[in-house]
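Spelled out from the first residue to the last, the chains are:
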Amino acid sequence: MNARNEKVDTVVIGAGFAGLAAARALADDGIGVVVLEARDRVGGRAHTVHLDDGTSVDVGGQWIGPTQDAMYALAAEHGVETYPLPAHGAPVYRVGDALLHELPAGAIRLLDEFDALAATVDTHAPWDHPQATALDALTLQAWLDTRDTGTPDEKALVGRLLAGGLKTVSAGEASVLDLAFYVASGHGVGTLLDAEGGAQQDRIVGGPHAVAEAIARSLPAGSVRLNEPVHAVELVDDVVVVHTSAGTLRADHVIVAIPAATVPSAIRFTPDLPLSKRLALGRLHGGIGIKTNLVYDRPFWRDAGLSGQSNHSAGVVTETADGTTPDAVGGVLTAFVYGDEAIALRRLSPDAAVDAIVESLADVFGPQVREHRDAVTLDWADERWTGGCFSAGFGAGGLSRVGEDLRPAAGRIHFAGTEYAHTWNGYFEGAVGSGREAAAAVAADRRAAAA
Ligand SMILES: Cc1cc2nc3c(=O)[nH]c(=O)nc-3n(C[C@H](O)[C@H](O)[C@H](O)COP(=O)(O)OP(=O)(O)OC[C@H]3O[C@@H](n4cnc5c(N)ncnc54)[C@H](O)[C@@H]3O)c2cc1C
């Protein structure tokens, strides 16, 4: 097929939410589009695994919440229902040796202080913040160390809530500017961390993957091509030539909608992308989180009045949530391991890693936590077409120096993906928004060329 050197209006590379949203918007605008996807499925970081007993587990992204309007609208448009996280009991905060059911006051003050800082960041130009360089040189750990509020354990908890829970890194790696931008883009600490009223409020029947599949089905027949990784993009006389495992396609425009941190290693551009763009892409790092779904005969923690949510100031696991779906025959407890602990866990065998996760939860959930009948992990850092989880970000010193060079198109080559989003950066919502923005830019280019 591609050996015919087919010509299309626009090629979208990558069928995650950004690429699919871009393709949908282009098709709605009457612009021809072909989506090339490396994997044998659409959805990218949205992936639902179906176990033999019928239980489904979201091994990638899982929740949506208020103000993520595009995601709710997409689900509704495609007839996919959402449902709230089960509210079955109390959360547990392990702060040092104490097991609490409410965030301690010192942690709340620290979160409020960070929230106030984030509110001073312009999500369209964080590098223009009056203290951009200083905040970007500061790690979250250094910021916490110099606060005069909160105990050391409360500071450790806040470090893990923010750097871990949001960026899947340790507090010693997170740039305060990058994190403050991320918090501002997600409308504040409360919105980002909360279940009810926050980013973890709702789940999607069949998983977010069901929405991705529905968008793909809604595109013109034959426009989504799976198992077709792109390895080179070349500009030849105002035509973009896209080289894939199956041949070549020619297009007026290309939208590169693969994870931003993988662009430099995945695709060879001729001529090279501008140096400023290469430097910005090169300084992004994929997160290093591990998400493990522990499957039980029943959601036993609910009997003890627990919600399944736990947050830990120390130990292997940073946080857990009730991952049980309505179709689950049993119960699913979802455990997240981030940053230094995720690096250390990868040195263990898969079984030993699960044992370490389970043991670190025994004091919170009791001995029954050891009686899991399955443990489902997808290590996104090991996924060739993703390169990290949840998303990529800049380490200290990156955003202030090269952040403004990340988004711009390079002539006919546009970029989309959650890492480019101004709003809900790192989330499905951000991916959809950036995909639509890239499609609008392509449409504007076409109108300008036709004028
Ligand atoms: C474990 C985990 C938990 C998360 N939890 C949440 C959550 O609860 N809520 C939320 O909103 N977000 C969550 N996220 C983040 C969310 O999944 C992402 O923000 C979103 O899916 C990114 O979409 P994208 O289109 O930008 O990128 P992707 O989904 O990564 O899509 C990129 C696509 O490009 C393809 N590709 C890569 N290279 C090539 C190539 N060379 N040629 C062709 N195709 C290629 C990939 O296969 C992929 O399909 C989570 C992510 C992970 C990993």
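Let me sum up the structure you'll find in this document. (Residues numbered from 1 in each chain as written. Predicted model: local features only at pLDDT ≥ 70, side-chain atom pairs only at ≥ 80, totals over all residues. Heavy atoms only, no water.)

## Remarks on the site of the ligand
Item 1. Of all residues adjacent to the ligand, which total 34 residues, the nearest are E37, R39, R45, T418 and G426.
Item 2. One of the backbone N or O atoms of G44 is found 3.5 Å from an oxygen atom in the ligand.
Item 3. Contact distances for the ligand include 3.1 Å between an oxygen atom and a backbone N or O atom of Q62.
Item 4. Protein contact buries 98% of the 1,000 Å² of open area that the ligand shows by itself.
Item 5. Counting only elements with at least two residues in the shell around the ligand, the list comes to α1 (17-28) and α16 (428-450).
Item 6. Residues of the shell around the ligand, tallied by class, amount to 20 nonpolar, ten polar and four charged.
Item 7. Counting the residues that make up the shell around the ligand, at least three belong to each of domain 1 (2-45 + 209-273 + 410-450) and domain 2 (88-194 + 284-400). (Near = heavy atom within 4 Å. Polar contact = N/O pair within 3.5 Å; in protein donor to acceptor, adjacent residues only side chain to side chain. Areas by Shrake-Rupley, 256 points an atom, 1.4 Å probe, with all protein chains shown as cover. Helix = DSSP H or I, 4+ residues; strand = E, 2+ residues; numbered from the N terminus. Nonpolar A, V, L, I, M, F, W, Y, C, P; charged D, E, K, R; others polar. Domains from an automatic or database assignment.)

## Structural notes on the sheet that holds strand β16 (residues 290-296)
Item 1. Ordered in space as β8-β7-β17-β18-β19-β16-β20, the seven strands form an open sheet in which the pairing is mixed. In this open sheet, the two edge strands, each paired with only one partner strand, are β8 (98-100) and β20 (374-378). With strand direction ignored, the average angle separating the axes of adjacent strands in the sheet is 20°.
Item 2. One ladder, built from two bridges, connects strand β17 (residues 306-312) with strand β18 (residues 319-322); its direction is antiparallel. Within β18, the position partnered with N311 by the bridge is E319. (Pairing = 2+ DSSP bridges. Axes fitted to C-alpha atoms, helices over the stretch in contact; angles between N-to-C directions.)

## A short note on the packing of α1 against helix α9 (residues 208-218)
Item 1. Between α1 and α9, the shortest axis-to-axis distance is 10 Å and the interhelical angle comes to 30°. In terms of orientation, α1 lies roughly parallel with respect to α9. For the element pair α1 and α9, the recorded crossing hand is left-handed. In this structure, α1 uses F17, L20 and R24 to contact α9, whose residues at the interface are P208, V211, A212, I215, A216 and S218. (Parallel < 35°, antiparallel > 145°, perpendicular 65-115°, else oblique. Left-handed = near helix turned anticlockwise from the far one by under 90°. Contact = heavy atoms within 4.5 Å.)

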